[in-house]
Amino acid sequence: MTKSEFLALLSRRLGVTETHVQSIVNRLHSAGMVTPTRSKRHPPPIDEPDAVSILLAVLADRGLEHAADNAWTLAAAHHDGERFDAFLAQLLFGPPRYVGHLIVHREGASVVVDAAHIEFGERSEVPTRFIPGGVLMAIAAELQGATPRDADAIAAITRIQNGH
């Protein structure tokens, strides 16, 4: 999957316009968080660090002017020594896991995964974003090569296998 295909995937799955996602990515390029695409004609596949950084920035979005700072803050949120960006990378690129939901806060995240509730960083009174688990599971499946329809099926099967 190329970076532009990944941006389209995030737009479709998270309900954010492609233009806004691209604007976030432009800010990440400027901050050195994401590698710019060198060839439009032959774009390379998106790499794991860039995919994680872009998803973090979209999840933490509270305005373009702070896109990189918000992504860095969310990435660094930790639980028992594990950073949220490493956890998210495992969700996206590791074996399928059941995700109940993800709630993003200003300085952290709360996630239900494999029937366990995990808090990364600080919880605020008002969450900034709620993402149903099926959406994250489908994003991971598509990143690993599934079609959108198959990704929906994989998310549903994972939900059923985990008794949810």
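Everything here concerns the structure above.
Residues numbered from 1 in each chain as written. Predicted model: local features only at pLDDT ≥ 70, side-chain atom pairs only at ≥ 80, totals over all residues. Heavy atoms only, no water.

## Some details on the overall build of the protein
Now for step 1: Looking only at helices and strands, the protein features seven helices and six strands.
Now for step 2: In the protein, the succession of helices and strands from N to C terminus is α-α-α-α-β-β-α-β-β-β-β-α-α.
Now for step 3: The C-alpha radius of gyration of the protein comes to 15 Å, within 12% of the 15 Å expected for a compact globule of 164 residues.
Now for step 4: Expressed along its principal axes, the backbone C-alpha trace of the protein runs to roughly 45 × 35 × 25 Å.
Now for step 5: By the burial criterion, 45% of the 164 residues in the protein qualify as buried.
Now for step 6: Of the contacts made within the protein by residues no fewer than 6 positions apart, 61% connect residues no fewer than 24 positions apart.
Now for step 7: For the protein, the accessible surface area stands at approximately 8400 Å², while carbon and sulfur atoms represent 51% of it.
Now for step 8: Considering the protein, the positive charge centre built from 15 side chains and the negative charge centre built from 19 side chains are found 6 Å apart. (Helix = DSSP H or I, 4+ residues; strand = E, 2+ residues; numbered from the N terminus. Rg over C-alpha atoms; globule rule 2.2 N^0.38 Å. Buried < 20%, exposed > 50% of the residue type's maximum accessible area, 1.4 Å probe, protein only. Contact = heavy atoms within 4.5 Å. Areas by Shrake-Rupley, 256 points an atom, 1.4 Å probe, with all protein chains shown as cover. Lys, Arg positive; Asp, Glu negative; His and termini not counted. Charge placed at Lys NZ, Arg CZ, Asp CG, Glu CD.)

## Structural notes on the side chain of Ser-110
Now for step 1: Tracing the backbone shows Ser-110 in strand 4 (residues 107–113).
Now for step 2: On the basis of relative accessible area, Ser-110 is assigned to the buried category, the value being 3%.
Now for step 3: In terms of polar contacts, Ser-110 uses its side chain to reach the side chain of His-117, at 2.6 Å.
Now for step 4: Each residue touching Ser-110, except ones within four places of it in the same chain, is listed here: His-101, Leu-102, Ile-103, His-105, His-117, Ile-118 and Glu-119. (Polar contact = N/O pair within 3.5 Å; in protein donor to acceptor, adjacent residues only side chain to side chain.)

## Quick notes on the packing of helix 5 (residues 84–93) against helix 6 (residues 133–143)
Now for step 1: Look at helix 5 against helix 6: their axes get within 7 Å of each other, and the N-to-C directions meet at 65°. In terms of their interaxial angle, helix 5 and helix 6 are classed as roughly perpendicular. Counting all contacts with helix 5, which are made through Leu-91, Leu-92 and Phe-93, the residues of helix 6 involved are Ile-139, Ala-140 and Leu-143.
Now for step 2: Looking at the contact of helix 5 with helix 6, its residues break down into six nonpolar, no polar and no charged. (Axes fitted to C-alpha atoms, helices over the stretch in contact; angles between N-to-C directions. Parallel < 35°, antiparallel > 145°, perpendicular 65-115°, else oblique. Nonpolar A, V, L, I, M, F, W, Y, C, P; charged D, E, K, R; others polar.)

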